[in-house]
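Structural overview
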Amino acid sequence: MGDASVDFYPMELRGEIDRINAIVYPNVNNGVYRCGFATTQAA
């Protein structure tokens with residue numbers, strides 16, 4: 001079990017976290033996933 005007192009999504013930083021996630025998710029996280037399922041080099 002983790003420490004419930006630790007907040008990795010604090011209210012005062014949510015705007016910045018969301019802005020960065022909007023860049024990181026499609027270009028890094030989901031990009032790796034798409035590469036794994038690509039059937040061509042172009043994809």
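Attention here is on the structure that accompanies the text. None of the values given here were measured: they were computed from a predicted structure.

What to know about the overall build of the protein chain
The helix and strand tally for the protein chain stands at one helix and zero strands. Seen through its C-alpha atoms, the protein chain measures out along the principal axes to roughly 45 × 25 × 5 Å. When each of the 43 residues of the protein chain is scored for burial, the buried share is 7%. Element-wise, carbon and sulfur atoms account for 61% of the exposed surface of the protein chain, whose accessible area totals about 4,100 Å².

Some thoughts on the environment of Ala 4
Within the element layout of this structure, Ala 4 appears in the segment before helix H1 (14–37). Residue classification places Ala 4 among the exposed positions, given a relative accessible area of 81%. Linking Ala 4 and Ile 20, residues 16 residues apart in sequence, is a C-alpha distance of 24 Å.

Some thoughts on a nonpolar patch on the surface
Residues Ile 20, Ile 23, Val 24 and Val 28 make up a contiguous nonpolar surface patch of roughly 310 Å² in combined accessible area. For Ile 20, the position within the fold is in helix H1. For Ile 20, a relative accessible area of 37% puts it in the partly exposed group.

Scoring rules and cut-offs
- Residues numbered from 1 in each chain as written.
- Predicted model: local features only at pLDDT ≥ 70, side-chain atom pairs only at ≥ 80, totals over all residues.
- Heavy atoms only, no water.
- Helix = DSSP H or I, 4+ residues; strand = E, 2+ residues; numbered from the N terminus.
- Buried < 20%, exposed > 50% of the residue type's maximum accessible area, 1.4 Å probe, protein only.
- Areas by Shrake-Rupley, 256 points an atom, 1.4 Å probe, with all protein chains shown as cover.
- Patch = residues over 30% accessible without salt bridge, like charges linked within 9 Å, V, L, I, M, F, W, Y side chains within 5 Å.
- Salt bridge = Lys/Arg side-chain N within 4 Å of Asp/Glu carboxyl O.

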